[in-house]
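The residues making up each chain are set out below.
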Amino acid sequence: MTTLPTTTTTKLGLVIDLDTCVGCQACVTNCKEWNTGGHSAPLTDLNPYGDKVDGVWFNRVHTFEYGLGENARTVNFPKSCLHCENAACVTVCPTGASYKRSSDGIVLVDHDKCIGCKLCSWACPYGAREFDEDEGVMKKCTLCVDRIYNENLDEVDRQPACVITCPSKARHFGDLGDPDSDVSKLVAERGGYDLMPEQGYKPTNKYLPPRPRKLTGAAIGAQESLQPVKTNGKGFLGWVDKVLTR
Amino acid sequence: MHPAYSVIFFTTASGAGYGMLALMAILGTAGILPADRWFGFVGLALALGLITAGLLSSTFHLGRPERAWRAVSQWRSSWLAREGVLAILTYIPAGLFGIGWVFLEQTSGFWGVMGVLAAIGAFLTIVCTSMIYRSLKPIHQWHNDWTIAGYVALGFASGAVALSFVAHLFDVAGPVVKALPVALVPVAWAVKTGYWAFIDRTRSLSTSNTATGLRGGEVRSVDWPHTQENYLQKEMGFQVARKHALKLRTIAHGLTFAVPLAFAVLTLLVPNPLAGIAAFVALASIAAGLLAERWLFFAEAKHTVTLFYGAKAA
Amino acid sequence: MALDHPVEGDGVDTSPTVADEVKYTTCYMCACRCGIRVYVKDGQIRYIQGNKNHPVNKGVLCAKGSSGIMQHYSPARLSKPLKRVGERGSGEFVEIEWDEAMALATDWLGAIRKTDPKKLAFFTGRDQSQSLTGWWATNFGTPNFAAHGGFCSVNMAAAGLYSIGGSFWEFGEPDWDNAKYFMMFGVAEDHDSNPIKTGISKLKARGAKFVSVNPTKTGYSAVADEWIGIRPGTDGLFVFSLIHELVKAGKVDLEYLVRYTNAHYLIIQAPGQADDGLFLRDADDVPLCWDQVKGAPAKALDPEVSPALTGEYTVNGKQVIPAFQLMAGRYLDDQYAPEAVAETCGLTADQIKRIAAELAHVAFEEAIELPIEWTDWAGRTHKTMKGRPIAMHAMRGISAHSNGFHTCRAIHLLQMILGTVEVPGGFRFKPPFPKPIPPNPKPAGKDGGKANTPLAGAPLGFPTQPEDLLVDDNGNPLRIDKAYSWENPLSSHGLMHMVITNAWKGDPYPVDVLFMYMANMAWNSTMNTKGVMEMLTDKDPATGEYKIPKIIYSDAYASEMVAYADLVFPDTTYLERWDCISLLDRPICEADGPADAIRQPVVEPGRDVRGFQTVLLDLGARLGLPGMTNEDGSAKFPGGYPDYIVNHERMPGIGPLAGWRGENGDQHGRGAKNPDQLKKYVENECFWQGHLKPSQKYYKFANREYLDYAVEMGFIGHADQIVLQIYSEIMQKFRNAARGHGTVKVPEQHRARVDTYFDPMPIWYMPFEEASVDTTEFPMHALTQRPMYMYHSWGSQNAWLRQIMNQNRLYMHAGTAKAQGIADDDWVWVTSHHGRIKCQVRLIEGVNPQTVWTWNAIGKRKGAWNLKEDAPEATKGFLLNHLISELLPEDKTGAGNGYRYSNSDPVTGQAAWFDLRVKVEKAAADEFGESSPQFPVLKRPPNMAESPDISRYGAQFNPDRNGGKPVENSVVVKQTVGKGAPEPKPAAQPAPKKEGV
Ligand SMILES: Nc1nc2c(c(=O)[nH]1)N[C@H]1C(S)=C(S)[C@@H](COP(=O)(O)OP(=O)(O)OC[C@H]3O[C@@H](n4cnc5c(=O)[nH]c(N)nc54)[C@H](O)[C@@H]3O)O[C@H]1N2
Ligand SMILES: Nc1nc2c(c(=O)[nH]1)N[C@H]1C(S)=C(S)[C@@H](COP(=O)(O)OP(=O)(O)OC[C@H]3O[C@@H](n4cnc5c(=O)[nH]c(N)nc54)[C@H](O)[C@@H]3O)O[C@H]1N2
Ligand code: SF4
Ligand code: SF4
Ligand code: SF4
Ligand code: SF4
Ligand code: SF4
Ligand SMILES: [Mo]
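Residues numbered from 1 in each chain as written. Chains lettered and ligands numbered in written order. Predicted model: local features only at pLDDT ≥ 70, side-chain atom pairs only at ≥ 80, totals over all residues. Heavy atoms only, no water.

Caption draft 1: The arrangement of the overall build of chain B in detail. A count of helical and extended segments in chain B gives 10 helices and 1 strand. Rg of the C-alpha trace for chain B: 21 Å, near the compact-globule value of 20 Å for 314 residues, within the 12% margin. Counting across all 314 residues of chain B, residues that qualify as buried make up 57%. Looking at chain B alone, contacts between residues at least 24 apart form 79% of all its contacts between residues at least 6 apart. Of the roughly 12100 Å² of accessible surface on chain B, a fraction of 73% belongs to carbon and sulfur atoms. (Helix = DSSP H or I, 4+ residues; strand = E, 2+ residues; numbered from the N terminus. Rg over C-alpha atoms; globule rule 2.2 N^0.38 Å. Buried < 20%, exposed > 50% of the residue type's maximum accessible area, 1.4 Å probe, protein only. Contact = heavy atoms within 4.5 Å. Areas by Shrake-Rupley, 256 points an atom, 1.4 Å probe, with all protein chains shown as cover.)

Below, the structure written as structure tokens:
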């Protein structure tokens, strides 16, 4: 059904911390290995060993710079489907292949219905849809729907692959519809924000901004330089001659 | 946006087809066109042929054409589905109208009602097609009312030119038929000129700053997620050089509007067969011009996703 | 969080079966050795996940580890032993049976062992079994053995081991849980790949300040609170300047220095005499200090003394000064003032001053105390553990310079004066470290190796005096790599980067067989890559024979090096074999306790390949090497490597694995062999971990309980306090030899060099290449960094990883580039004193303006790794290695008289990759598009199927969705090659652990 649920019971999504993401790409390949054998199997790779290699990936990490000179910052920026509340990728779908689950808000593609018209990918401002050329259907991040409820996995493993693997703990998963959830608190605490709010898609996933940098001594309570110790006329090492025991 | 030839052909051909269908239906019902069997047959066949060829061509663009039938199910939310539904529905009155005209040489009464319905269907189908693009927020160059106006105006203008040609072919082109292109082509020209002015003047609200939420200077892409282009870049990251675009716009101005208009005026001034030749030149020109116009419609459209891949604006 | 199953009704199977079986093993997509859980379904790998319980990665898995599937199923895997038939380098091979391969190798090596074992140069690259390979070399009798350490990070290892008894590298770690200030020098990725990432996120979550000193701002530096974009090779000066500021301000932890370091040792001041600069010692050879209370000399290690740190004394007619005063005096000099060094370092004086102030603040105003009672070496009990919560870590940005040893020592010195080594919040050792300074064994092979005789000990060790060097009576090198010679006396990891050049030259002598394992020496691990390829194929015009007569090589994949071997042993992938990550080697310990691990085969090879270690043991038995052969001549470890892992003992009770020893498997560390040991490991998810008591966790060098435990475990020989060395008497001994003292004569040629660089306290000097080339001609520094998602050369065969990057760029500061008319995406020529390459640039802000850099080892040779010829790795990717010479330009440095020394650190022989100086010039427009140099296309080994054009890997696990198309992943469809001699099974093959998945 490509009409959107008016509201979803829970709003499952990711919170991505741009302050700690080191751009290691672990989430990228772990997502790939999980999902290539999962709900959307396979995540086809065209020309995998030659030029113009082109594969299906649900999660990609960009590197950006902004600012100049002293103020320049480098930011690694992971991006996967944001499971928008106002997901036009769903409403544009002519077949009903795209849908947003009313139970948890996950946006999915039913690959058996998809005709590969690509319209949903045009409708997604974020570039979160992935066309599998070989299969002729659209694929996308499933929020690891085949992990998060999977009774065949240990309870602690019922998290998205990208989240459990992130070495820098820059990815968090939870219910962003529940203001008391850990993720919602994190968002509140760190000023988590939406990407392209002006598009009106109301993404569920949130981004935590890079923290301000500590570039002065004062930022950590220190002075900006040290004063030479009083030498009391005993030369620079005068201060050393207190009696110490081993 | 990547200008896919199947989609360019689809939108231009079906646009002209629906335009022509609508005009024939209205003019036929109104009795302005003669209910001549062969003229009706050739004219409607051309209109429906363009529509059908366009629709078929659009399925080439599908990853799974054999499932195309599924595309009508979501008419409640999807403009593409609505377009599909209307396209199919329009075949019914259009077909009946055609039966009346071609077999019974009748275009009034019940057949006239069918004509009106076909015209409405054709008009709404063009609107739906345009709404597919108009509704896409991430593409600023499409997400505006010029898109609807453009599709409708160009559909009708090209339909009128095609109709004029067929009417000339059967020597049934009356003043209205001859005048229609002269009236509609300038409208379309104005709309398209307005569209280009609009997209030159405005930018998407989204920027690399809003895309990333990073503030404090322009956001520059240092490394893409993957060294080589991915689907998103190929599909949405199409870039056309400004110089190239301007050249194509000039071609479009000439072939889509100026030349067809001039030759349409000529049809008013010269007798057949010269008028017929003029009508043909107008048609050939607008057909070529539309391909350029439509190619640009895609090529000049910038998707917000490009903001993540180094585009300065969308 | 456990989510309730929602009622959605969309038919999605939210609980699919993931695997038939989950097996634990150890990752080998890099050398970090994380624990993994491998999900196996229908005999194929479905998913690899980090092991939550594993000490190294605690559940996380990096990009490489997560791509193990594609590595395992790489189309470049070798499948059968190969014998060269065409010219060397042509890549023309025939497949042969293992019997023939082994017979051939036995033949070649047997002949050498019978006559002159040093004619075998055995170098093992990225080896995780060095305790086996080194022991094999010992038994063979060749001193010519080393692994990759010499071109990797021996500066870090040596500087640490000669200063504080442990090192950065992977032998210590920041106290991630308590540090409040973390300074990282020259790290892009590190061997502790996952732990560092996890650690940094912990620090950031706690609000600790993280400072990254690095010419480039990527990865870790990008998330640092402060990026110090230093000019390469100048960290030593920067650190001295910090020390200058701290000493000047009296911000020094004196108490720590007298308790735990040799700051109070008295140093003899007798210029021109044999004992100049040595410790003042008493009749029992015990170092002395000056007791301030008694006003007399006293044993430096006496717990009761109150040692003086300053002053000048005369004892027994000798002028002596405490080490501290020498140290402080040196760095108080104005040449180290922030204003004096700032420009050279590319920093501002204010920034240096501020960092010093911040260090002082955190160390002295924000000291912490853990409420843990502990006992020091003298038996005194302390109620708490005090810590100065500043942690430091440094790696190859420091080590891969010709001044790296001293720079690393400088950082250790900074840590010592702040009192942050091995304290809460500081830098912590991972057992078995700290070790005595330096650790025990000396390098064996002083006799150069004797026919049919094992070496007296292991080839690698730690010299403490000139007598320990491996030189002949004239002071000439005995080893093929000239390790432990006067050129690089403390080269405790050998100099693998010099082996091919030296063997080709026959300097100091030619070899008969070059035997290598797991090192791509014809490509990315070599300097002067083109030259090395030529040396490998060069023939003696007189005899027509190759200058390096025979080359045996073991690789698992069709790397660039394979083409240069005469005989290739195809190895298994890491998921197909038994392996052992031993405490005798480079263990996986944590600061909180020792640990070791194994690999177990999780899938069958299905190719005719054998684990290299098993091959080596077999070869040893065929050669009749002691240790590998029984009295009756039969093989001692017929079960191959797993048999050895369980049954070999290095010393009584100490074997490759520390866990579950003893007949009942209830002893750890020491204990009798346990035939069920591997089973125990498998049951425990393939690792063993010991846990230190809280009271043993810090101050390990002076912690009674820890030291006793370490002795019990066999980590150290005795439980004496390990005294950190701010002043290195060992260095001074070598210097004195260079000054003509002692019995060992330093050849004239090397005297000035040894004298200069064997300073007992850290010094800074301009890196050799910078000092010897015209820096106006070569104004830029050129560096490489490891990408976090690639492991050296072997990541590019991975269908997933290479999508992340298959062309490297030369990153350049936008401002610098603009000044030269270079725009983003332009192609440029990069020229060094040695060579010239062409590549494409990417302009950025986050790099030191005088520095260009690129990702390491992305560039590939056409045809290698079974990549298609049009692969961008080969057509557009590039290596900086072509620009780096293995020899220094002819001397301008004053270092040696016209002689071309190796491009290495003069103390340790560490390869100075990052000394490279270049100029960058825009290429002509018609030169854009292809990198240079290009080499002839390498042939695919016989019977290796062409790599597929599509991969649908994973489709087989979801048949509903796989419209019946073939998966097309080389191995999945083609499991047919060879019958395969399966890896020998250990005596007791443990039952695989079944899980409910
Ligand atoms: N310019 C520049 N050059 C550098 C460096 C740098 O920073 N800059 N870094 C240097 C450093 S620190 C290092 S350590 C070296 C590393 O360089 P190398 O030691 O050459 O390391 P790899 O490229 O990983 O190649 C190791 C070889 O092992 C093979 N291999 C992989 N797995 C297996 C296996 O299971 N069994 C066997 N038998 N073989 C296997 C691979 O196919 C490959 O051919 O590079 C050095 N080179
Ligand atoms: N993903 C991945 N992980 C790996 C490897 C791999 O290939 N891939 N290789 C493994 C191996 S063999 C090794 S040795 C380790 C090495 O791990 P690292 O020590 O991280 O080695 P490099 O990647 O060479 O990074 C060196 C860093 O030092 C910086 N640098 C260069 N010169 C200077 C200088 O003068 N001063 C300072 N302060 N910084 C400088 C460079 O910019 C770079 O960031 O990584 C290991 N881990
Ligand atoms: S795994 Fe974590 S740190 Fe690495 S790129 Fe992904 S989000 Fe960033
Ligand atoms: S991110 Fe894109 S694909 Fe995902 S829900 Fe939003 S619009 Fe749809
Ligand atoms: S590509 Fe598939 S999922 Fe996307 S809109 Fe078309 S039919 Fe729907
Ligand atoms: S939630 Fe799952 S599917 Fe989505 S990006 Fe993460 S790993 Fe990939
Ligand atoms: S750091 Fe990555 S590649 Fe290295 S052992 Fe750990 S998981 Fe494997
Ligand atoms: Mo290394």
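Caption draft 2: Expanded view of the interface of chain B and chain A. At the interface, 59 residues of chain B touch 61 residues of chain A. Of all residues in chain B, B:Arg220, B:Tyr231 and B:Phe308 give up the largest surface area on contact with chain A, accounting jointly for 14% of the area buried on that side. Counting every contact that joins chain B to chain A gives 36 residue pairs in polar contact (both at pLDDT 80 or more). Contributions of two or more residues to the side of chain B that touches chain A are made by α3 (79–104), α4 (110–134), α7 (208–212), β1 (219–223) and α8 (231–236) of chain B. Residues that form the side of chain B that touches chain A fall into these classes: 27 nonpolar, 20 polar and 12 charged. (Buried area = accessible area lost by both parts, 1.4 Å probe. Polar contact = N/O pair within 3.5 Å; in protein donor to acceptor, adjacent residues only side chain to side chain. Nonpolar A, V, L, I, M, F, W, Y, C, P; charged D, E, K, R; others polar.)

Caption draft 3: How the structure looks around the environment of C:Glu712. In this fold, C:Glu712 is placed in helix α20 (residues 704–713). Note: C-alpha distance between C:Glu712 and C:His668 (44 residues apart in sequence) is 9.9 Å.

Caption draft 4: Geometry of the environment of C:Gly627. Mapped onto the elements, C:Gly627 comes out in the loop between α17 (612–622) and α18 (640–647). Sequence-wise, C:Gly627 and C:Pro454 are 173 residues apart; in three dimensions their C-alpha atoms are separated by 9.9 Å.

Caption draft 5: The arrangement of the side chain of C:Thr629 in detail. Residue and element names in this part refer to chain C. Tracing the sequence through the fold places threonine 629 in the loop between α17 and α18. Side-chain polar atoms of threonine 629 contact the backbone oxygen of leucine 625, separated by 2.6 Å. The contact partners of threonine 629, leaving out residues within four places of it in the chain, are Gly620, Ala621, Gly624, Ser634 and Lys636.

Caption draft 6: Broad picture of the interface of chain A and chain C. Contacts between the two partners involve 102 residues from chain A and, on the opposite side, 128 residues from chain C. Between chain A and chain C, a total of about 9000 Å² is buried, with carbon and sulfur atoms accounting for 55% of that surface. Its largest share of buried area at the contact with chain C, chain A owes to A:Tyr49, A:Leu226 and A:Arg246, together 14% of the area lost on that side. Inspection of the region where chain A meets chain C yields 6 salt bridges. Residue A:Asp134 is joined to C:Arg952 by a salt bridge in which the shortest nitrogen-to-oxygen separation is 2.4 Å. Put simply, chain A and chain C have 56 residue pairs in polar contact (both at pLDDT 80 or more) between them. Of all the secondary structure elements, the ones that give two or more residues to the side of chain A that touches chain C are α1 (26–35), β2 (45–46), β3 (54–55), β5 (73–80), β9 (137–140), α4 (145–148), α5 (161–165) and β10 (171–175) of chain A. A per-element tally of the side of chain A that touches chain C places α1(A) first, with 6 residues. Residues belonging to the side of chain A that touches chain C are distributed by class as follows: 41 nonpolar, 33 polar and 28 charged. Sheet analysis places β2(A) next to strand β35 (residues 950–951) of chain C, joined by 2 bridges and oriented antiparallel. By the bridge assignment for β35(C), A:Asp45 is matched with C:Ser951. (Salt bridge = Lys/Arg side-chain N within 4 Å of Asp/Glu carboxyl O. Pairing = 2+ DSSP bridges.)

Caption draft 7: Up close: the pattern of salt bridges. All names here are of chain C. Scanning the model with the defined rule gives 98 salt bridges over all chains in all. Among the salt bridges present, the one from glutamate 226 reaches lysine 209, with a minimum N-O distance of 2.7 Å. Of the two residues, glutamate 226 is situated in strand β11 (residues 226–228) and lysine 209 in strand β10 (residues 209–213); the sequence distance between them amounts to 17 residues. Exposure remark for glutamate 226: the relative accessible area of 1% places this residue in the buried category. Residue lysine 209 is classed as buried on the basis of its relative accessible area of 1%. For arginine 259, the salt bridge goes to glutamate 255, with nearest N and O atoms at 3.5 Å. Of this pair, arginine 259 and glutamate 255 are both found in helix α9 (residues 254–260), 4 residues apart, which corresponds to roughly one turn of the helix. Residue class for glutamate 255 comes out partly exposed when judged on its relative accessible area of 40%. Taken together, the shared-partner salt bridges in this structure form one network comprising Asp276, Arg330, Arg735, Arg739, Asp755 and Asp759.

Caption draft 8: Just the site of ligand 1, in detail. Residue and element names in this part refer to chain C. Near ligand 1 there are 31 residues, and of these Asn520, Ser525, Asp555, Asp571 and Ser793 occur at the shortest range. Within the complex, the protein chains bury 99% of what would otherwise be the 910 Å² of accessible surface of ligand 1. Elements that contribute at least two residues to the shell around ligand 1 include exactly α4 (149–152) and β24 (550–555). Per-element tally for the shell around ligand 1: the top contributor is β24, with 3 residues. Tallied by class, the residues present in the shell around ligand 1 amount to 13 nonpolar, 12 polar and 6 charged. (Near = heavy atom within 4 Å.)

Caption draft 9: Representation of the site of ligand 6 within the structure. Residues and elements named next belong to chain A. In the vicinity of ligand 6, the contacting residues are Cys31, Asn35, Phe58, Asn59, Ser80, Cys141, Thr142, Leu143, Cys144, Pro160, Ala161 and Cys162. Elements represented by at least two residues in the shell around ligand 6 include exactly α1 and α5. Of the residues in the shell around ligand 6, the class split is 8 nonpolar, 4 polar and no charged.

Caption draft 10: Here's a closer look at the packing of aromatic side chains. According to the stated counting rule, one finds 79 aromatic pairs over all chains in the structure shown. Between A:Tyr126 and A:Tyr201 the ring centres are 6.3 Å apart and the planes differ by 90°, which places this aromatic pair in the edge-to-face class. Residue A:Tyr126 is located in the loop between α3 (119–123) and β8 (129–132), and its partner A:Tyr201 is located in the loop between α6 (182–190) and β11 (206–208); the two are separated by 75 residues in the primary sequence. Given a relative accessible area of 1%, A:Tyr126 falls into the buried group. Residue class for A:Tyr201 comes out buried when judged on its relative accessible area of 3%. Measuring from centroid to centroid gives 5.7 Å for B:Trp189 and B:Phe257, while their planes differ by 10°, and the two rings are stacked. Placement of the pair is B:Trp189 in helix α6 (residues 175–201) and B:Phe257 in helix α9 (residues 242–269), with a sequence separation of 68 residues. For B:Trp189, a relative accessible area of 25% corresponds to the partly exposed category. (Phe/Tyr/Trp six-rings, centres within 6.5 Å; stacked < 30°, edge-to-face > 60°.)

Caption draft 11: How the structure looks around the pairing of strand β32 (residues 836–844) of chain C. All names here are of chain C. For β32, the tally of buried residues reaches 8 of 9 residues, placing the bulk of the element in the interior. Where strand β30 (residues 810–813) lies against β32, 4 bridges are found, and the strand directions are parallel. Note that in β32 the partner of histidine 813 across the bridge is isoleucine 844. In this structure, the hairpin formed by strand β31 (residues 827–831) and β32 is closed by a connection of 4 residues.

Caption draft 12: Structural detail: helix α6 (residues 193–206) of chain C. Residues and elements named next belong to chain C. Under the 1.5 Å per step criterion, the end-to-end length of α6 is 21 Å for 14 residues, consistent within 8% with the ideal 20 Å. Along α6, 11 of the 14 residues are buried, which leaves the element largely enclosed by surrounding structure. The complete set of buried residues in α6 reads Ser193, Asn194, Pro195, Ile196, Lys197, Thr198, Gly199, Ile200, Ser201, Leu203 and Lys204. Where the residues of α6 are buried, they touch β9 (181–185), β10, α7 (219–223) and β21 (390–394). Two residues or fewer after α6 comes glycine 207, characterised by a positive phi angle close to 80°. (Expected span 1.5 Å × (residues − 1).)

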